[in-house]
Structure formats: structure tokens, C-alpha cells
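Survey of secondary and tertiary structure
The primary structure of each chain is shown beneath.
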Amino acid sequence: MAVVVWFKRDFRVADHGPLLAAVQTGQPVIPLYVVEPDYWQQPDTSHRQWQFAAESLEGLRTQLKRLGSDLCVFTGEVIDALARLNRQYGVSQVFCHQETGGDWTFRRDTAVIAWCQAQQIEFREWQAFGVVRRLANRDDWDRHWNRIIKDTPLPAPGAITSPDPSGWPQTLPEPTHLYGAPCPDRQAGGTHRAEALLGSFLERRCVGYQYNMSSPVTAPRSCSRLSPHLAWGTISLRQVYGQSKAAGEHRNTLPRKKKSLTSFRSRLHWHCHFIQKLEDEPELEFRAMHRELEHLKSGPNNSERLQRWQEGQTGWPLVDACMRSLHHTGWINFRMRAMLMAVASYQLWLHWRDPALHLARLFTDFEPGIHYPQAQMQSGLTGINALRIYNPVLQSQKLDPEGEFLRRWVPELAGVPAEMIHTPWLMTPAQKQRYGGNTYTAPICDHEQAARVARKAVGDFRKQQVSQAETERVLSRHGSRKGPRQNRPKAGTATPSSAPQLSLFDE
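Just so we're clear, the structure is a prediction, and the values are computed from it rather than from any experiment.

Definitions and cut-offs
Residues numbered from 1 in each chain as written. Predicted model: local features only at pLDDT ≥ 70, side-chain atom pairs only at ≥ 80, totals over all residues. Heavy atoms only, no water. Helix = DSSP H or I, 4+ residues; strand = E, 2+ residues; numbered from the N terminus. Rg over C-alpha atoms; globule rule 2.2 N^0.38 Å. Buried < 20%, exposed > 50% of the residue type's maximum accessible area, 1.4 Å probe, protein only. Areas by Shrake-Rupley, 256 points an atom, 1.4 Å probe, with all protein chains shown as cover. Lys, Arg positive; Asp, Glu negative; His and termini not counted. Charge placed at Lys NZ, Arg CZ, Asp CG, Glu CD. Phe/Tyr/Trp six-rings, centres within 6.5 Å; stacked < 30°, edge-to-face > 60°. Lys NZ or Arg CZ within 6 Å of the ring centre and 35° of its normal. Core = buried A, V, L, I, M, F, W, Y, C linked by side-chain atoms within 4.5 Å. Contact = heavy atoms within 4.5 Å. Expected span 1.5 Å × (residues − 1). Arc of directions from axis to C-beta. Polar contact = N/O pair within 3.5 Å; in protein donor to acceptor, adjacent residues only side chain to side chain. Pairing = 2+ DSSP bridges. Right-handed = clockwise from strand over helix to strand, strands pointing away. Salt bridge = Lys/Arg side-chain N within 4 Å of Asp/Glu carboxyl O. pLDDT = per-residue confidence, 0-100.

1. Looking at the overall build of the protein
- Within the protein, the regular secondary structure consists of 22 helices and six strands.
- What you see for the protein is a C-alpha radius of gyration of 24 Å, in line with the 23 Å of a compact globule of 507 residues.
- When its C-alpha atoms are laid out on the principal axes, the protein stretches across 80 × 50 × 50 Å.
- Considering the protein as a whole, with its 507 residues, one finds that 62% of them fall into the buried category.
- Of the roughly 19800 Å² that the protein leaves accessible, carbon and sulfur atoms contribute 50%.
- Distance between charge centres in the protein, computed from 62 positive and 50 negative side chains, equals 5 Å.

2. Details of the packing of aromatic side chains
- What the rule picks out here adds up to 15 aromatic pairs.
- Ring centres 5.7 Å apart and planes at 55 degrees place the aromatic pair Tyr39 and Trp104 in the tilted group. Of this pair, Tyr39 sits in the loop between β2 (29–35) and α2 (47–66) while Trp104 sits in helix α4 (residues 103–118), placing them 65 residues apart in sequence.
- A relative accessible area of 13% places Tyr39 in the buried class.
- Among the aromatic side chains, those forming a connected cluster through ring pairs are Phe11, Tyr33, Tyr39, Trp40, Trp50, Trp104 and Trp232.
- Across the ring face of Phe334, the terminal group of Arg267 is positioned such that the distance to the ring centre comes to 5.9 Å.
- The residue whose ring lies beneath Arg337 is Phe363, and the NZ or CZ to ring-centre distance is 4.1 Å.

3. Some words on the nonpolar core
- In terms of nonpolar packing, the biggest core is built from 92 residues, with Phe129, Val240, Trp309, Cys322, Met339, Leu340 and Leu359 touching the most fellow members.
- In terms of residue count, helix α14 (residues 334–345) provides more of this core than any other element does, nine residues in total.
- Apart from residues lying up to four places away in sequence, Trp309 is in contact with Thr314, Val319, Met323, Leu340, Ala344, Leu348, Pro355, His358 and Leu359.
- Counting 30 residues, the second-largest nonpolar core is a separate cluster that includes Tyr39, Phe52, Leu57 and Leu178.

4. Focus on helix α21 (residues 447–465)
- Taking 1.5 Å as the rise per residue, α21 with 19 residues should run 27 Å; its terminal C-alpha atoms sit 26 Å apart, in good agreement.
- Taken together, the buried positions of α21 are His447, Ala450, Ala451, Ala454, Val458 and Phe461. Along the long axis of α21, the arc covered by the buried residues comes to 100 degrees, so they all point the same way. Structural note: α21 exposes Arg452, Lys456, Lys463 and Gln464 on the side pointing more than 90 degrees away from its buried face.
- Tucked inside the fold, the buried residues of α21 contact α17 (392–399).
- Taking the backbone nitrogen of Glu448 as reference, a side-chain oxygen 3.0 Å away marks Asp446 as the first, capping residue of α21.

5. Thoughts on the pairing of β2
- The buried fraction of β2 is high, at seven of seven residues.
- Side-chain alternation along β2 places Val29, Pro31, Tyr33 and Val35 on one buried face and Ile30, Leu32 and Val34 on a second face that is also buried.
- In the sheet, strand β1 (residues 2–6) pairs with β2 via four bridges, with the strands oriented parallel. The residue bridging Val4 from the neighbouring strand is Ile30, located in β2.
- As a crossover connection, the stretch from β1 through helix α1 (residues 17–24) into β2 is right-handed.
- Sheet topology places β2 next to strand β3 (residues 72–75); four bridges connect them, and they run parallel. Looking at β3, one finds that Val35 is bridged to Thr75.
- Traced from β2 through α2 to β3, the parallel crossover comes out right-handed.

6. Focus on the pattern of salt bridges
- As enumerated under the stated definition, the model contains 24 salt bridges in all.
- Taking the shortest distance from any N to any O, the salt bridge between Asp70 and Arg61 comes out at 3.1 Å.
- Classification of Arg61 as buried rests on a relative accessible area of 7%.
- Its salt-bridge partner being Glu281, residue Arg287 comes within 2.6 Å of it at the nearest N-O pair. No difference in accessibility class separates Arg287 from Glu281, as the two residues are buried.
- One salt-bridge network, held together by shared partners, links Glu281, Arg287, Arg291, Glu470, Arg473 and Arg477.

7. Quick look at unusual backbone geometry
- Of note in this structure, Asp15 is not a glycine but carries a positive phi near 50 degrees.
- Its location among the elements puts Asp15 in the loop between β1 and α1.
- The buried category is assigned to Asp15, whose relative accessible area is 0%.
- Here the phi dihedral of His177 falls at roughly 60 degrees; this positive angle occurs in a residue that is not glycine.
- Tracing the backbone through its elements, the reader meets His177 in the loop between α5 (141–149) and α6 (191–205).

8. So, the confidence of the model for the protein
- In the predicted model, the protein carries a mean pLDDT of 92, and 94% of its residues have values of at least 70.
- The low-confidence segment residues 480–507 (pLDDT under 50) makes 161 contacts with residues lying over four places distant or belonging to another chain.

9. Brief notes about the pairing of strand β5 (residues 122–126)
- Examined bridge by bridge, strand β4 (residues 91–97) and β5 share five bridges and lie parallel to one another. In the sheet register, Gln93 faces β5, and the bridge partner there is Glu122.
- Note that the unit made of β4, α4 and β5 has a crossover that is right-handed.

10. Here's the deal with the environment of Gly158
- The residue Gly158 is located in the loop between α5 and α6 in this model.
- A sequence separation of 92 residues divides Gly158 from Arg66, and the C-alpha atoms of the two residues are 9.7 Å apart.

11. Looking at the environment of Gly403
- Relative to the assigned elements, Gly403 resides in the loop between α17 and α18 (404–409).
- Taking the C-alpha atoms as reference, Gly403 lies 9.2 Å from Leu413; in sequence the two are ten residues apart.
- With residues up to four places along the chain from it excluded, the contact list for Gly403 reads Ile421 and His422.

Put into C-alpha cells, the structure is as follows:
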């Protein structure tokens, strides 16, 4: 008999409760990953996400080999892989982490649990980071988070005893028909890279984090850049929190650095807070948090506006620079993510779902538990938050005053002076002739007028169509009050062990 450790989005060996517990049973351990073609056909997955995952899986394989084991890789459905292993070795238990994913992974997990029960195989899940399954009272969430994340990370096993891995499938085939072209400047996966990023961030890059995280000029260096690693679990959130806490409390740490690390740790708390929303209400993947606001916009999206936004051709330099950068790198800081979503929802008046899916595919660090609630918040669909209508010109002038970021990603404006680059449509023909900019597209619309129209439309709809009862339901479920129980798969749930497969919008 053997214990299967099913890896999903937790590609590491340290601070991995299911793996450590499997080794402690004394039975042979089979580390399993299944390449699921149907998952990689979901509309929020992409080629860049797969590339990062594949590199991280190869890193996991290397770690497992050092411990005397290997990674068993199947392609197809998880149940078929488990059935084959059960026939070959006899499977007594399946251990894994909980996953707050989309509807597809939820249904997959439900089916796996049912199969294990039918086969009389014990199925145990370990709680992942600070998200609590079947949370009865939102007032208790912070206490749970502190207990889990502030605990000591688990060590890696000293050694792993496995059946002879020579007969295990070894190749990691790339799923077919992945969305999108390769991402030339994306981050690479693997635990060693996560550890290097964390080390450089804690040593020097973190200083000034709270001030530098909002500008697309300074954010790429000043942010931790750990978000894809947290999303795919090459390092645990608990490891990150513990090391940043230790660095901030070291007696030689300067006050400025301590303040920066305190700000960073607050983002780790925020990260789990948003994922808890999707855990509590999985339907948020498809509909507005405030159900009545789902009807704010009717009819299909304007396809031309959507396409121009997707391609970085809106005529608003900062919006276009951010989108083009995102296509090329797979990452942009949180403030700019929020602006992209808000511009699509307000100035362009697009229904939130299409823009949300487009951004999800571009994010190497896509995390559904953060992405969908945030997409709705930036679209004014929670019913409990103030409208956040970004002015793309003011944001550009504030966050990139010299036009450094704009010139890099909008080369049509490379020769335009700083005082003109944020509003190139105001340049005279003579100025365009002198500085360039003739080839840059004109704005889709007057962004200020469009923002005023959107604000009025949302305000009128709220007054006429939004009920107090539904607003109170949202507060009850997602605010700091008692909320309803969750509709998530039930199984034997072990003591939390922290395996953050969830990424933060790393500002």
C-alpha cells in the first residue's frame, strides 16, 4: 500500500503538510501531478501560466530526487491517474492541500473525493495558508489567520521512501491549444528563484516599498515579485511572512526598513482576506458580488472598444503602456491592474466578465480568489465600496511624471516631451510634426465625460434598483459579521499546514 501526495498548486517540499504527513505514515509515498488538459482549456488559463507551472514542477522534481523520490506525472483526469496507481500499488490514502480555485477545480475536487470514498481510500486535505473552509463567522477569520500564518513553517522531510520510480511517467507534456503567445519577459518558476527573490527583497529592495509600489516605474524593483510563486506554491505564505517578520525585528534593522516590511506583511493579510471572499461565495467567478448590480449593464460588450483595450490601443498612454507591458512581461503592479479594470468598466462601459478574463490570461500570477473579487470591486459591483473611477491622465502625471514608462511601452510617443506625453491628443499638428506622435491612435472617447456619465449611471441604478436587503447580505457574507456556511467539498481536513497557492496583487 502507498500514500499518494497530490500536488496541485503547491510545488515545493518545505512547509508542505501533506508531504510531511505522508512520510510520517511509514508507507511508501507517491508524489503525483496530473496535467489536466481540460483545466488548461478554461478561459482564464494561458500559455504563460503553464510555462511558469512547468518550470516550477521541474524544480519540484529536483527537490524530490534529492530526498530519494521523484515526481509521478500523468496526463488526463486525476481519477484515472489514481485508479491506475491503485491497481498497481494499492492506495491507502490521498493527501493534498485545499484549493480555492474556480468552478472547474471545485467540481474536479468534488469528483475526486467521491471516487476516494467509493474506493474506501482516505482523502485528507490540509488547510492552505489563511483561508478557512466552511467559515461560520467572519468575525473569527482574523484569529484563524494569525494562528495559521504566524505558526512555525514545517520542515521538509529528511527523506522520502517511494516505490521504484523507474516505471513512472516522467515527461511533462505541454497541454495543447494554450491561450496566447509565449511571454518573452515573464518571471521564471521554481523554489530556488522564489527564495532568491525573497532574499533580495528582505535585504535591500523592500526599503520604501509602501511608497514605491504604486508607480509602474518603481514597482518592478520595489515590489517583492513573489506573486507568481505564491500563486503556484513554490514558497509558502507562512515562510514569506515568517522571514519578513524576522528581518523586520532584527536589532540592526533600520526604522525605515521596519516600516516597509510592516507594510508588506499587511499585504499578505490582505491577500488571504480577498481569497476568503471566493472561498465563501464561489459564484463570484461568474456573477457580481452584489447580485442586483449584475444587471447594471445589459447587452453584449462593444467589441471594438474591448479589442482596443485588450491590445493597448485606447489612445490613453498610461492605459496602453500598462496593457502592452502586461502582454510582454505577465506582470503589472496592483494600482495599474485596478486602473485597467476600472477604465474598462467605467470609461468604456464594458461588462466586467470579458475584461476580467482577458487580464486573468495575461497574469502569470493569476489567482482566482483575488482576481474575481478585485475585478468586481474595481467595476463598482460590490455594493458596499465607494466607486473607484481612475482618471488615466492624472494617474499618468502622478505616477510617471517624466514619461519614462510611457516611452518604453508606447514607442509612438518616444520623442514627445514630458509636459505633452500624458495628453498627446492635445498636441498641435506642428508639435506632432516636431516631436512625433502622428502614428499614435486617438482616444476612444473623452475620458472625463465618459467617467461622469458612468458615475451618474451607477448612482441612478443604485438608487432605483439596489435593495437594502441585498446590500446587507453582501456585508453579512463578506464583511466582519457572521456569514453563512460555505458550499465547498467536504472531506477529512487535517491541521493547517500552509501551502499558499494563492498570489497577491503585489503592489
